[in-house]
Amino acid sequence: MWMWVNGELRDAADARVSVLDHGLTVGDGIFETVRTTGGRPFALTRHLDRLTRSARGLGLPAPDLDEVRRACAAVIEANPMELGRLRITYTGGLSPLGSDRGNDGPSLVVALGEATRRPDTTAVITVPWTRNERGALAGLKTTSYAENVVALARAHAQGASEALFGNTVGQLCEGTGSNVFVVLDGQLHTPPVASGCLAGITRALAVEWCGALETELHLDVLEQAEEIFLTSTLRDVQAVHRVDGRELPGGPGPVTAKAMRVFEERAGNDLDP
């Protein structure tokens, strides 16, 4: 595997950043995950726009998007694969121990790994921990991901592939790495960004292409919804067949099936929507 590390391609065995990189020591960094199919990235412009917004929110210098695009192209060319997970990581760079940043500038790492197509349906759980919709990192895609690691491990231990969070006021928010949609009386809804959820790229496209409403939803909506599905870069649109102990009707429901079909068609016709 070849990776881009601070200006050049390196073999994975020689791809290194300092142990004093602020992304490692205090989680001071941001990232994007981009799906590649047949060597072509999907929605790269939207991902880079969000990378810039996340950098601004974290107080990092704006990334050089021309360099990021060159890095992505070089890594994709160097690692041919049919379906891939392209990871762009941008951190505070070499810094002293502690929360203060150093003066050496940010680090940029781009890597690509193989991915597999997700199943059409999955199981999820809810967790007792909350998203802080008023926190400094709310809505930013940062490398401070430990609470997602803990929640996802609990999901796996219970036979699920994702864990869903509420926020501090009891509203449905998001998954560890996904957004959530529910169907109520035949209408598609998803929590608004004000709930504290990440403004997911696939989420935005699903709202636009499938006519979803952004609605404040109490967490107990998961006990009432006729259908539930998740969206993310590698899931696209994925139906949920079980939430905690509640079994939903087998197979994707009609609204979810339509969303899956529409997303596949629209995404197939435009790689950079």
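Here the structure is shown first, and the text comes after it.
Residues numbered from 1 in each chain as written. Predicted model: local features only at pLDDT ≥ 70, side-chain atom pairs only at ≥ 80, totals over all residues. Heavy atoms only, no water.

(A) Molecular detail of the packing of aromatic side chains. Following the criterion strictly, the structure yields four aromatic pairs and no others. Seen from their ring centres, F181 and F229 are 4.8 Å apart, and the 15° between their planes marks the pair as stacked. In this pair, F181 is assigned in strand 10 (residues 179-184) and F229 in strand 13 (residues 227-232), connecting sequence segments 48 residues apart. As far as the burial class goes, F181 and F229 line up, both buried. (Phe/Tyr/Trp six-rings, centres within 6.5 Å; stacked < 30°, edge-to-face > 60°. Helix = DSSP H or I, 4+ residues; strand = E, 2+ residues; numbered from the N terminus. Buried < 20%, exposed > 50% of the residue type's maximum accessible area, 1.4 Å probe, protein only.)

(B) Up close: the side chain of T231. Note that T231 resides in strand 13. If sequence neighbours within four positions are ignored, T231 has contacts with S178, N179, F181, T202, R203, A206, D236 and V237. (Contact = heavy atoms within 4.5 Å.)

(C) Inspection of the pairing of strand 14 (residues 236-243) at higher detail. Within strand 14, seven of the eight residues are buried, which leaves it mostly tucked inside the rest of the structure. In terms of strand pairing, strand 7 (residues 121-131) meets strand 14 through four bridges, oriented parallel. Along strand 14, the bridge assignment pairs A123 with R242. As paired elements, strand 13 and strand 14 share four bridges and run antiparallel to each other. Across the sheet, the residue bridging to T231 is V237, located in strand 14. In this structure, the hairpin formed by strand 13 and strand 14 is closed by a connection of three residues. Of the pairings in the sheet, the one linking strand 14 to strand 15 (residues 246-247) comprises two bridges and is antiparallel in character. Each residue of the ladder has a partner; that of R242, found in strand 15, is E247. Hairpin connection, strand 14 to strand 15: the antiparallel pair is bridged by two residues, and D244 has positive phi, about 50°. (Pairing = 2+ DSSP bridges.)

(D) Summary view of the packing of helix 2 (residues 44-58) against helix 5 (residues 201-210). Helix 5 packs onto helix 2 with a crossing angle of 120° between their chain directions and a minimal axis gap of 10 Å. Judged on the interaxial angle alone, helix 5 and helix 2 are oblique. Between helix 2 and helix 5 lies a crossing of right-handed hand. Taken together, the residues of helix 5 that come into contact with helix 2 (itself represented by R46, H47 and R50) are I201, A204, L205 and E208. The residue inventory of the contact of helix 2 with helix 5, partitioned by class, reads three nonpolar, one polar and three charged. (Axes fitted to C-alpha atoms, helices over the stretch in contact; angles between N-to-C directions. Parallel < 35°, antiparallel > 145°, perpendicular 65-115°, else oblique. Left-handed = near helix turned anticlockwise from the far one by under 90°. Nonpolar A, V, L, I, M, F, W, Y, C, P; charged D, E, K, R; others polar.)

(E) Examining the pattern of salt bridges more closely. Applying the stated criterion across every chain, the model contains 13 salt bridges. In this structure, D120 and R118 form a salt bridge, with 3.0 Å as the shortest nitrogen-oxygen distance. For E174, the salt bridge goes to R131, with nearest N and O atoms at 2.7 Å. Separated by 43 residues along the polypeptide, E174 in strand 9 (residues 172-175) and R131 in strand 7 bring together distant segments of the chain. The two residues E174 and R131 agree in class, both being buried. Shared partners join several salt bridges into a network, and the residues in it are E8, R10, D14 and R16. (Salt bridge = Lys/Arg side-chain N within 4 Å of Asp/Glu carboxyl O.)

(F) Layout of the nonpolar core. By size, the foremost hydrophobic cluster in this structure holds 23 residues, and its most contacted members are L86, I88 and V110. Of all elements in the fold, only strand 3 (29-37), helix 2, helix 3 (65-78), strand 5 (83-91) and strand 6 (107-114) reach the threshold of two or more residues within this core. Of the residues forming this core, the biggest block, six residues, is contributed by helix 3. The contacts of L86, once residues within four sequence positions are left out, are E32, T33, V34, T36, C72, V75, I76, V110, A111 and L112. Listed in part, the 18 residues of the second largest apolar core include A43, F181, I201 and A212. (Core = buried A, V, L, I, M, F, W, Y, C linked by side-chain atoms within 4.5 Å.)

(G) How the structure looks around helix 2. Over its 15 residues, helix 2 extends 21 Å from the first C-alpha to the last, a length consistent with the 21 Å expected when each residue adds 1.5 Å. Buried within helix 2 we find L44, H47, L48, R50, L51, T52, S54, A55 and L58. Buried residues along helix 2 sit in contact with strand 3, strand 4 (40-41), helix 3, strand 5 and helix 5. Note on helix 2: the residue one or two positions beyond its end, G59, has a positive phi of about 80°. (Expected span 1.5 Å × (residues − 1).)

(H) Up close: the side chain of N79. Mapping N79 onto the fold places it in the loop between helix 3 and strand 5. Look at N79 and you get buried, because its relative accessible area is 8%. When near neighbours in sequence (up to four residues on either side) are disregarded, N79 contacts M1, W2 and L112.

(I) Quick look at a nonpolar patch on the surface. A contiguous nonpolar surface patch, about 510 Å² in accessible area, is contributed by V19, L20, L24, L94 and L97. As for its placement among the helices and strands, L20 is situated in the loop between strand 2 (8-11) and helix 1 (22-25). (Patch = residues over 30% accessible without salt bridge, like charges linked within 9 Å, V, L, I, M, F, W, Y side chains within 5 Å. Areas by Shrake-Rupley, 256 points an atom, 1.4 Å probe, with all protein chains shown as cover.)

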